[in-house]
Amino acid sequence: MFNRTKKRKDYPGKLPKAFDNSAVVSEFTPISGIANASTINFSMEKNGTTVQTGNSADMLYSIDTIIEYLSKFFTLQQGDLIYTGTPAGVGPVAIGDMLTGYLEGVKSFEINIK
């Protein structure tokens, strides 16, 4: 249901995204702290320059739809993580880069690439 694109046969898939410590997770933000859960704004800066912006309303499937679908196959529990993809602006990072993520304009994480 969720694989909407076809990769080239020689494309290494998720390897470029799966390096040590690559899945940064911030403190959790309760849904009650978000004005409208169906239109969540998020962004990321690299070295102080915004490189990605997005809104949950732009996703192919709503957050509720994704949770409903996955719960047919997995027992989902509080604290489970569901990775859904990324907005435009994906690019390389290098040692020394500083990445800063924002949720609804509030800094969620800051990480220095080592």
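Refer to the preceding data block for the structure.
Residues numbered from 1 in each chain as written. Predicted model: local features only at pLDDT ≥ 70, side-chain atom pairs only at ≥ 80, totals over all residues. Heavy atoms only, no water.

Side chains of I63, I67, F73, F74, L76 and I82 sit close together on the surface and give an oily, nonpolar patch of about 530 Å² of accessible area. Residue position: I63 is located in helix 1 (residues 63-70). You can call I63 partly exposed: its relative accessible area is 36%. (Patch = residues over 30% accessible without salt bridge, like charges linked within 9 Å, V, L, I, M, F, W, Y side chains within 5 Å. Areas by Shrake-Rupley, 256 points an atom, 1.4 Å probe, with all protein chains shown as cover. Salt bridge = Lys/Arg side-chain N within 4 Å of Asp/Glu carboxyl O. Helix = DSSP H or I, 4+ residues; strand = E, 2+ residues; numbered from the N terminus. Buried < 20%, exposed > 50% of the residue type's maximum accessible area, 1.4 Å probe, protein only.)

The pairing of strand 1 (residues 41-46) with strand 3 (residues 98-103) spans five bridges and is antiparallel. Counterpart to K46 in the pairing with strand 3 is L99. Here six bridges tie strand 3 to strand 4 (residues 106-112), and the two strands are oriented antiparallel to one another. Pairing of T100 across the sheet is with E110, part of strand 4. Two successive antiparallel strands, strand 3 and strand 4, enclose a turn made up of two residues, where E104 displays a positive phi of approximately 55°. (Pairing = 2+ DSSP bridges.)

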